[in-house]
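Single-letter residue listing:
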Amino acid sequence: MGFGETFIDMVWRIMSNNWYCVIINGSRHGFFHSIRGLKQGDPLSPALFVLGAEVLTRILNNLHQHYLYTGFQMENRGPQINHLSFADDIIIFTSTSKYSLQLIMKTLQMYEGISGQFINKDKSQILIPTNTPDDIIDRVVSITGYKCTHGPMTYLGCPLYIGRQRVIYFTSIVAKVIAKIQGWQTKMLSYGGRATLIKSGWDKEKRKYHWASWETLSLPYEEGGNCSFWWDDWLGIGSLANHYEYIPRFNNSTVSMFLTNGKWNEEKIRKQAPQHMIHTILNTEIMYQQNTLDQAQWKLQSHGNFTCKSAWENVRKKKNKTLTDRMTWHTNIPFKASFLLWKALRHKLPTNDKLISFGRETAECSCCYRPGLDNINHSFVSGSFAKHI
């Protein structure tokens, strides 16, 4: 990966100079040398793990350049997906081709030999469709040594399956979410906390009344690697894949693969790119810097960095901003007062006239303790308590 000898020697000395002793009944016994790994809690450990994972990622991605390897695609015009990884959990995508499976196993065995990390075959599975022929299943099991399953299997706490969704696949996730929300309900929540709970739409009682729709609650206060040649929008007109019916088999090419000494390789462009896009590509200037990774720019922000706020602002349904809403949610007004005013202006308070529409019996007026109807106007304008204020 290009590290200098000094850095490599430093890491090796740290890893190879570990000694341990065992404490029994408060006394130390024995003193032995560790042949592998770092001390528990060593801050260098996660860094070395990331470096090891990067090696595995690169050698797996290099398989796409092998002429015998056939990758996995959701559909013929889609990109080839090689693998997904998070920490020490990894999913590898491939076809059932004999040569592809052998290349993957050879790559994994090479990584085991280099890193000293070994795959736990008891915890590894191969997910295949239910209609897969028996001879293909036998081939996969024979080459990999892993057991096959038709699903579901769990990855990062979520079920992975092939075919239609089934409610039973998600029961454990639903149970965890319900347990978390019920934990909220056992606490004394502020109006801000209650607003969060209301937005979740959760109520453990069977009879529940949704005082406002998600469409209303989701409105703002004022309204109420390297760049992929085929799949990234590096031209600013959408991905090239959308402008071309035929995409080469090795469709994970990067833009840099079509450059020679910082300039377009016209011969390669004319062979692979869509004919009607060749002129546009050749007239696009690329600020190519060798050994420098490309950086994606988020156009909705001036600084170019992605934010969830800007993405939501771009896709959400919008309404005209009003002075009333802006003043209702003024920063100098306590949230609980703004929240009460917001509900009152939209007739979302549980007054008697509102409860009757839900089929509930009327109760005494909260301000004058007399039975009968009351409404927003009575509570805030014409009622005895409102007049007194």
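Residues numbered from 1 in each chain as written. Predicted model: local features only at pLDDT ≥ 70, side-chain atom pairs only at ≥ 80, totals over all residues. Heavy atoms only, no water.

In terms of nonpolar packing, the biggest core is built from 17 residues, with L56, L63 and L108 touching the most fellow members. Put simply, the parts of the chain that give this core at least two residues each are α2 (44–61), α3 (98–115) and α4 (134–144). Considering each element in turn, this core owes the most residues, 6 residues, to α3. Core analysis: the next-biggest nonpolar cluster, separate from the first, contains 15 residues, V255, W264, I278 and I281 among them. (Core = buried A, V, L, I, M, F, W, Y, C linked by side-chain atoms within 4.5 Å. Buried < 20%, exposed > 50% of the residue type's maximum accessible area, 1.4 Å probe, protein only. Helix = DSSP H or I, 4+ residues; strand = E, 2+ residues; numbered from the N terminus.)

A separate point is the pattern of salt bridges. A full pass over the atoms with the stated rule returns 5 salt bridges. E266 serves as the salt-bridge partner of R270, at 2.9 Å between the closest nitrogen and oxygen. Placement of the pair is R270 and E266 together in helix α8 (residues 266–272), with a separation of 4 residues, close to one helical turn. Under the relative-accessibility criterion, R270 is labelled partly exposed at 44%. When the shortest N-O distance is used, the salt bridge between R316 and E313 registers 3.0 Å. By relative accessible area, E313 is classed as partly exposed at 36%. (Salt bridge = Lys/Arg side-chain N within 4 Å of Asp/Glu carboxyl O.)

What follows is about the confidence of the model for the protein. Here the protein averages 78 in pLDDT, while 81% of its residues score no lower than 70. Here residues 202–206 is a poorly scored stretch, pLDDT under 50, and it has 8 contacts once near neighbours within four places are set aside; other chains count. (pLDDT = per-residue confidence, 0-100. Contact = heavy atoms within 4.5 Å.)

Here we take up the pairing of strand β4 (residues 89–92). Alignment of strand β3 (residues 83–86) against β4, held across 4 bridges, turns out to be antiparallel. Bridging from a neighbouring strand, H83 pairs with I92 of β4. The hairpin turn running from β3 into β4, its antiparallel successor, is 2 residues long, and A87 in that turn takes a positive phi close to 55 degrees. (Pairing = 2+ DSSP bridges.)

Quick look at the packing of α2 against α3 now. Across the interface, α2 lies against α3 with an axial gap of 10 Å and an inter-helix angle of 155 degrees. Looking at the two axes, α2 sits roughly antiparallel to α3. Note on packing geometry: the crossing formed by α2 with α3 is right-handed. Contacts between α2 and α3 pair G52, A53, V55, L56, I59 and L60 from the former with T107, L108, M110 and Y111 from the latter. (Axes fitted to C-alpha atoms, helices over the stretch in contact; angles between N-to-C directions. Parallel < 35°, antiparallel > 145°, perpendicular 65-115°, else oblique. Left-handed = near helix turned anticlockwise from the far one by under 90°.)

Take the packing of α3 against α4 next. Two elements in contact, α3 and α4, have axes whose closest approach is 10 Å; the angle formed by their N-to-C orientations is 25 degrees. When the interaxial angle is binned, α3 and α4 end up roughly parallel. The interaxial crossing formed by α3 with α4 has right-handed handedness. Together, K98, L101, Q102 and M105 of α3 and R139, V140, I143 and T144 of α4 make up the contact between the two elements. In terms of residue class, the contact of α3 with α4 is made up of 4 nonpolar, 2 polar and 2 charged. (Nonpolar A, V, L, I, M, F, W, Y, C, P; charged D, E, K, R; others polar.)

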